[in-house]
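# What the coordinates show
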Amino acid sequence: MTTVTPPRDGNWVGAIARAHLPKIIGAVVLGLFAAAAGLAQPAMIGNLITTVSTNAPLLVPILAVIGLFAADAALTTVQAYVMGRTGERIVYDTRTTLIHKVLHSDVRAFSALRHGDVQARVVTDTSLLKIALAQSTASIIVDSAMVLGSLVLMLLIDPLLLGVTAACMTVASLVALLLARKLRKEAVRSRTIVGDLGADLHRAIGALNTVKACRAEGLEGHRIGKLALSARRSGIKVSALGAMLSPTMGIGLQASLAVVIVTGMGRVATGSLDAAALTAFIMYLFYLVTPLVMLFTSIGQLQQGRAAIGRINELADIAQEPSVILPPAMQETVVYGRPGVTFDRVRFAYGHDEPTLRGVSFTVPARGLTAIVGPSGSGKTTLLQLLMRFYPVQDGRILIDGQNIGSVPVHVLRGLIGYVQQEDTTLRGTIGDNLSYGIEHATAADVDRALHLAGLRDLVHSLPRGMHTELGEHGVGLSGGQRQRLAIARMLIRRPSLLLLDEATSNLDSDSELAMRTALRAIASECAVISVAHRMSTVVDADRIVVMDAGVVSAVGTHHELLRTSSLYQRLNDIQLRGESPFGEPSCADRVALPLSES
Ligand SMILES: Nc1ncnc2c1ncn2[C@@H]1O[C@H](COP(=O)(O)OP(=O)(O)OP(=O)(O)O)[C@@H](O)[C@H]1O
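So, how was this worked out
Residues numbered from 1 in each chain as written. Predicted model: local features only at pLDDT ≥ 70, side-chain atom pairs only at ≥ 80, totals over all residues. Heavy atoms only, no water. UniProt positions renumbered as here; feature names shortened; annotations may be inferred. Phe/Tyr/Trp six-rings, centres within 6.5 Å; stacked < 30°, edge-to-face > 60°. Buried < 20%, exposed > 50% of the residue type's maximum accessible area, 1.4 Å probe, protein only. Helix = DSSP H or I, 4+ residues; strand = E, 2+ residues; numbered from the N terminus. Near = heavy atom within 4 Å. Polar contact = N/O pair within 3.5 Å; in protein donor to acceptor, adjacent residues only side chain to side chain. Areas by Shrake-Rupley, 256 points an atom, 1.4 Å probe, with all protein chains shown as cover. Nonpolar A, V, L, I, M, F, W, Y, C, P; charged D, E, K, R; others polar. Pairing = 2+ DSSP bridges. Axes fitted to C-alpha atoms, helices over the stretch in contact; angles between N-to-C directions. Contact = heavy atoms within 4.5 Å.

The protein chain is annotated in an unreviewed UniProt entry as ABC transporter ATP-binding protein from Prauserella cavernicola. One UniProt comment on the protein chain, placed under Sequence similarities (unreviewed entry), says "Belongs to the ABC transporter superfamily. Siderophore-Fe(3+) uptake transporter (SIUT) (TC 3.A.1.21) family."

Below, the structure is given as structure tokens:
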């Protein structure tokens, strides 16, 4: 991949193209030589005609014409190859730049984007760059030179015939320019619709079971179909406008050809123009038209490309995660130290609305199990996301082993933490791929220990293909509880200093949950575990429980202490004992999941 200096004006595509400028210039130079070889041909043929008419030796003029044809063909071939290759490299560099930008983007900035549209920009829009930047740019320069050269040579042959030609071609060129402007507008619209189509398709595919369960196949089909129809209509308009460019110039050519032949033959008859000059002029007329048609076709392609370039630059400019580099000595403390975590008057709001966290303070020792409970929306997940630095703390501090996480490089911080998220994080691939995801060297002993702790060892051993068992998108092939255990095992392999579990055991049955509680106790003896929990059964044996309420810490203590001291905790406990969800609307799933010991 070519190294690209970040542009100040946000024009990433321009910066990437500039990095390939020598190759583009090389191809343009080759094209100019090819153009010169082409331009010399009519003069040489005119010379051949004169030689024939004067009975002079023919060998040298014939060889000169053949040589020019061969040079023209060879130069054009090499130029097309260099241009195509450079175009592919520009596309590759743009794609890799976008992929890097998206992967390192700020969570807040990324969550505002539609994923299907991001995909369309990275995959489809970039493919237009090859034609727009490499081929069209070179073609515009070479063809302009060709047009200019033809005009000068035609002027030298016969200014009157050139005047006739110019009149016809100017009218055609003006019409073509108008078409090119319309084409650009329609191309922008077309790219936007294709982006919308990708976004909506991605949304429906990502939640296909929900679509089916809600019997919304027709609704989604209609909505996405409407966008596909708009894309088709807009695409046809783009094609139609693009297709009209060449014939417009073709009409100009035919009109000028007719006028030139009629006028020219008349002048040959009167002897004011010789036949060789008229033949050369007509050949130049053809030489003028092909590059003129190409010129306008290229302008059209460039216009389509500009629509894509705007969208690519917009995505490439997405805000990036801050990366703070610490002096090595400080990094060492962070990497090898055993972190305890301190939330110190932490305030945070997602947008301009009411803050989600309103001065949260509590500490988590370097070892032991800390549970966080509280009503739905009280800010439990947000606490974990701030700890992972997915979002920046707006006021107050979060300390890890005494170090403000704001000054720890994100990759170092995340290397310390194993984060098992609320949502399903199973990736398409084998069980083994999922387990060792993001780790270069996972030993067999590490994998076995993690599988054992997560209660997955027997299951994996019972599968015919074991670790090589293929899973579909979102872990299709495993149950919800198995997926959760796989996510926990994936984090355990990393031997994190701090394990964050966000409702990571909510899908486990009572037996699995009991086994997981035992495993968690073992893990908590080695590192700090913070577990956001919905089921009270999973928090009763925690070393400390933090009760959150509307963005503040309402109480901290053990299960038995809180039953005595926290009315909110008592209420949450009572509600669950009644078989309802203590953290939101009661649901049948909660009742089913309620452990027998508490029902
Ligand atoms: N990405 C986001 N953008 C805007 N608001 C958000 C975002 N994520 C969460 N919120 C809001 O922040 C508040 C706290 O959400 P959070 O997920 O931290 O609560 P929670 O206690 O974990 O809830 P639950 O128990 O239901 O998972 C909620 O009101 C929610 O609407």
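Okay, back to it.
## Regarding the packing of aromatic side chains
For the structure on display, the rule yields five aromatic pairs. A centroid spacing of 4.9 Å and a plane angle of 85° characterise the contact between Phe348 and Tyr350, whose relative ring orientation is edge-to-face. The exposure class assigned to Tyr350 is partly exposed, which follows from its relative accessible area of 34%. Taken together, a centroid distance of 5.7 Å and an interplanar angle of 55° make the contact between Phe348 and Tyr391 tilted. On the criterion of sequence distance, the pair formed by Phe348 in strand β1 (residues 341–348) and Tyr391 in the loop between α11 (380–387) and β4 (395–400) is long-range, its members being 43 residues apart.

## Topic: the UniProt feature "transmembrane region" (unreviewed entry) in the protein chain
UniProt feature "transmembrane region" (unreviewed entry): in the numbering of this structure it lies at residues 24–46, 58–82, 131–154, 160–180, 240–263 and 275–296. Helix makes up 96% of residues 58–82 and strand 0%, whereas the separation of the span's terminal C-alpha atoms amounts to 36 Å. Between the end C-alpha atoms of residues 160–180 there is a gap of 30 Å, over a span that is 100% helix and 0% strand.

## Let's talk about the site of the ligand
As a structural note, the neighbourhood of the ligand is formed by 14 residues, with Ser376, Gly377, Lys380, Thr381 and Thr382 the closest of them. The contact in question runs from an oxygen atom of the ligand to an N or O atom on the side chain of Thr356, over 3.4 Å. A distance of 3.1 Å is found between an oxygen atom of the ligand and a backbone nitrogen or oxygen belonging to Ser378. Notes on the ligand: free accessible area 640 Å², of which the protein chains cover 60%. By residue class, the composition of the shell around the ligand is three nonpolar, nine polar and two charged.

## Digging into the sheet that holds strand β11 (residues 544–549)
Working definition: the strands of a sheet are paired by backbone hydrogen bonds and lie parallel or antiparallel to each other. Read across the open sheet, the six strands follow the order β6-β9-β10-β3-β11-β12; overall the sheet is mixed. If you trace the sheet from one side to the other, it starts and ends with β6 (417–420) and β12 (552–557), each paired once. On average, each strand axis in the sheet is inclined to that of its neighbour by 15°, with strand direction left out of account. On top of the sheet, α11 reaches β3 (368–373), β6, β9 (498–502), β10 (528–532) and β11; it is set at about 145° to β9, its chief contact.

## Section: the pairing of β3
Of all six residues that make up β3, six are buried, and the element is covered over most of its length. The alternating pattern of β3 places Gly368, Thr370 and Ile372 and Leu369, Ala371 and Val373 on opposite faces, both of which are buried. Two elements, β3 and β10, share five bridges in a ladder whose sense is parallel. Counterpart to Thr370 in the pairing with β10 is Ile530.

## What to know about unusual backbone geometry
The phi dihedral of Arg495 falls on the positive side, at around 45°, and the residue is not glycine. Of note, Arg495 is situated in the loop between α16 (480–493) and β9. Residue classification places Arg495 among the partly exposed residues on the basis of a relative accessible area of 45%. With a phi close to 50°, Ala550 is a non-glycine residue in the positive phi region. Within the secondary structure layout, Ala550 lies in the loop between β11 and β12.

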